[in-house]
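# Commentary on secondary and tertiary structure
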Amino acid sequence: MAQTESFEFGTVGGVPVPGFVLRNALGVAVSVTALGARIVRLGMPDALGRAADVVLGFDSPQDYLASDAYMGATCGRYGGRIRGSAFALDGEVHRLSRNEGAHHAHGGRDGFDRKIWDAAGDAAAGEAVFTLDSPDGEEGYPGAVSASVAYRLDDLGTLAIDMRARSDRATVVNLVHHTYWNLAGHDSGSILGHRLQLDADFVTPVDESLVPTGEVLRVDGTPFDFREGKPIGRDLALVATAAGGYDHNFCVRGEAGRLRRVAALADPASGRALELHSDASGVQVYTGGHFKVAAKGKGGARYRQYAGVALETQAFPDAPNLSHFPGVRLDAGCEYRHRMRIRLHHVTEDGR
Ligand code: BGC
């Protein structure tokens with residue numbers, strides 16, 4: 001039976017930040033903290049039992065607050081970009097805070113990733129639950145929203161992340177989990193040799209400011225075709241974006257609202273692998289192209305370009321302004337849900 005123990009993840013303004021470690025019988029240990037309801041560490045053995053921490057991050061709350069990389073965080077209210085920092089709902093225009101040029105990204109200047117959430121751990125159940133109340137008008141969004149994120153680890157190696165939200169009036173919600181993976185170890189260098197497979201036949205192209213143009217493009221014959229699986233670096237040079245690599249929303253095959261496979265990621269050298277399932281309509285694949293100025297990460301690690309890959313299941317970016325994208329409206333009395341299931345496992349060298 002997976003277990004939960006609590007720890008203190010430093011302090012903010014003199015107040016201790018709660019944290020929990022979820023451990024299972026396979027030697028997996030996931031550390032989560034109330035700062036941004038985020039994952040700060042994920043220890044995972046390789047096929048021979050040698051453990052590595054496979055997520056990028058920092059050692060203190062202060063380092064997270066000084067960073068704009070959203071490492072391991074829950075982004076909200078709306079993860080991803082909203083063009084022009086505005087959208088209309090029921091004829092009313094809502095102006096959001098601008099934190100990326102003219103645009104709004106990942107919930108704004110003081111988004112959910114920067115908040116200290118209320119925290120509760122269930123020692124016997126391998127579970128930690130974080131809750132947050134966001135007042136009406138925060139960052140420009142309409143409606144008072146209560147959000148929750150539950151992390152649960154089981155003994156078969158699956159980490160479940162369940163995100164929920166309710167609002168007291170119509171609004172938009174898109175809670176996005178923002179872990180950067182490096183299955184060889186967070187401090188091991190580049191993920192370009194990781195093999196990535198995506199269950200996506202379409203991608204949403206972006207303009208020079210990385211906001212979707214509204215087009216929906218077939219991946220056939222493009223560098224965005226990950227359907228058969230390939231090393232992340234194989235076609236990366238062909239993707240000319242301001243992000244220096246992949247930073248795109250892929251349209252997940254199948255029906256949104258149902259759990260289905262989204263992605264498989266494997267590091268052939270260590271054999272560490274994961275399979276990601278979700279009920280979200282899209283997944284943002286971001287290969288860490290912005291990590292040019294090496295940030296000082298956990299234990300003094302230097303995270304350079306391509307040090308990690310984020311697989312952010314989500315509603316499509318800028319969906320509040322693009323009516324042909326799947327809807328993101330949350331009405332009063334309804335519940336928003338976003339589920340992720342991350343199955344941690346091992347593969348042999350040929351990637352099977
Ligand atoms: C975005 C990137 C951004 C990163 C950190 C990702 O979700 O797609 O463009 O640089 O988050 O903010």
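Up top is the structure these notes are about.
In this text the structure is predicted, and so the values were computed from the model without any measurement. (Residues numbered from 1 in each chain as written. Predicted model: local features only at pLDDT ≥ 70, side-chain atom pairs only at ≥ 80, totals over all residues. Heavy atoms only, no water.)

### Some remarks on the site of the ligand
To keep it simple, the criterion reads: We call a residue near a molecule or strand whenever a single non-hydrogen atom of that residue lies within 4 Å of it. By the criterion applied in these results, polar contacts are pairs of N or O atoms within 3.5 Å in which, for protein atoms, one can donate a hydrogen and the other can accept it, and in which residues neighboring in sequence qualify only through two side-chain atoms. Using the Shrake-Rupley algorithm and a 1.4 Å probe, accessible areas are obtained, with residue cover drawn only from the displayed protein chains.
In the vicinity of the ligand, the residues found are Asp68, Ala69, Tyr70, Arg81, His106, His178, Tyr180, Asp247, Gln284, Tyr286, His290 and Glu312. Within the side chain of His178, a nitrogen or oxygen atom sits 2.9 Å from an oxygen atom of the ligand. His290 has a polar side-chain atom sitting 2.9 Å from an oxygen atom of the ligand. The fraction of the free accessible surface of the ligand (310 Å²) that becomes covered by protein chains is 92%.

### Describing the pattern of salt bridges
In a structure, side chains of opposite charge can pair up when their charged atoms sit close to one another. What counts, and what does not: We define a salt bridge as a contact between a side-chain nitrogen of Lys or Arg and a carboxyl oxygen of Asp or Glu at a distance within 4 Å. Classification of residues uses two cut-offs on accessible area relative to the type maximum, computed with a 1.4 Å probe and protein chains only: under 20% is buried, over 50% is exposed, and between them is partly exposed. The numbering of helices and of strands both runs from the N terminus, where a helix is a DSSP run of H or I of at least 4 residues and a strand a run of E of at least 2.
One pass over the full model with this rule turns up 26 salt bridges. Between Arg50 and Asp46 there is a salt bridge; the shortest N-O distance is 2.9 Å. Under the relative-accessibility criterion, Arg50 is labelled exposed at 52%. We classify Asp46 as buried; its relative accessible area is 5%. Residue Arg339 pairs with Asp279 through a salt bridge whose shortest N-O separation is 3.0 Å. In this pair, Arg339 sits in strand S30 (residues 336-346) while Asp279 sits in the loop between strand S24 (272-278) and strand S25 (282-286), placing the two residues 60 residues apart along the sequence.

### Considering unusual backbone geometry
Arg77 follows Gly76 through a cis peptide bond whose omega is 0 degrees. By secondary structure assignment, the location of Arg77 is in the loop between strand S6 (73-75) and strand S7 (81-82). At His106, a residue that is not glycine, the phi angle is positive and equals roughly 50 degrees. Counting through the fold element by element, His106 comes out in the loop between strand S10 (104-105) and strand S11 (118-122).

### Considerations on the nonpolar core
Nonpolar side chains in soluble globular proteins tend to end up buried together. Short version of the rule: To define a nonpolar core, start from buried Ala, Val, Leu, Ile, Met, Phe, Trp, Tyr and Cys residues and group those joined through side-chain atoms within 4.5 Å. Only heavy atoms enter the contact rule, under which two residues are in contact if any of them lie within 4.5 Å.
Core analysis: the biggest nonpolar cluster contains 79 residues, and Leu42, Trp181 and Leu311 have the highest contact counts within it. With 5 residues, the single largest contributor to this core is strand S13 (residues 145-153). The contacts of Leu42, once residues within four sequence positions are left out, are Val28, Ala29, Val30, Ala52, Asp53, Val54, Val55, Leu159, Trp181 and Leu344. Tyr141, Ala315, Leu322 and Val328 belong to the second largest nonpolar core, which has 15 residues in total.

### A word on the sheet that holds strand S5 (residues 51-53)
Short version of the rule: Here the rule is simple: two strands pair whenever DSSP picks up at least two bridges between them. To obtain an axis, a line is fitted to C-alpha atoms, over the contacting stretch when the element is a helix, and the angle between two such axes runs from 0 to 180 degrees between their N-to-C directions.
Here we have 5 strands laid out as an open sheet, ordered S1-S2-S3-S4-S5, and antiparallel in their pairing. The outermost strands of the open sheet, each flanked by one partner alone, are strand S1 (3-12) and S5. Averaged over all neighbouring strand pairs, the angle between strand axes comes to 20 degrees, with direction disregarded. Where S1 lies against strand S2 (residues 15-23), 8 bridges are found, and the strand directions are antiparallel. Directly across from Glu8, in S2, lies its bridge partner Pro18.

### Digging into the packing of aromatic side chains
Worth spelling out the cut-off: Ring pairs shown here join Phe, Tyr and Trp side chains whose ring centres sit within 6.5 Å, with only the six-membered ring taken for Trp; geometry is labelled stacked below 30 degrees between planes, edge-to-face above 60, and tilted in between.
Within the structure shown, the criterion is met by 14 aromatic pairs. Arranged with centres 6.0 Å apart and planes meeting at 65 degrees, the rings of Tyr180 and Tyr286 form a pair that is edge-to-face. Pair noted here: Tyr180 is in strand S17 (residues 180-181) and Tyr286 is in strand S25, with a separation of 106 residues, a long-range link. With a centroid separation of 6.0 Å and 75 degrees between ring planes, the pair formed by Phe224 and Tyr246 is classed as edge-to-face. Here Tyr246 lies in the loop between strand S21 (230-231) and strand S22 (247-252) and Phe224 lies in the loop between strand S20 (217-218) and S21, a separation of 22 residues in the sequence.

### Some points on the side chain of Lys298
Secondary-structure assignment places Lys298 in the loop between strand S26 (295-296) and strand S27 (302-303). Residue classification places Lys298 among the buried residues on the basis of a relative accessible area of 8%. Contact partners of Lys298, with chain neighbours within four places excluded, come to Val40, Arg41, Asp53, Val55, Leu56, Gly57, Phe58, Asp59, His186 and Tyr303.

### What about the environment of Ala200?
Here Ala200 lies in strand S19 (residues 200-204). Distance in space between the C-alpha atoms of Ala200 and Asp113 is 28 Å, their sequence separation being 87 residues. Setting aside chain neighbours within four positions, we find Ala200 in contact with Val219, Arg227, Phe250, Cys251 and Arg253.

### Description of the sheet that holds S22
Pairing in this open sheet of 6 strands is antiparallel, and the strands run S17-S28-S25-S22-S19-S20 from one edge to the other. At either margin of the open sheet sits one strand with a lone partner, and together these are S17 and S20. Taken together, the 2 bridges between S17 and strand S28 (residues 309-314) define a ladder with antiparallel strand orientation. Bridging from a neighbouring strand, Tyr180 pairs with Ala310 of S28.

Purely spatial values, then, with no claim about function.
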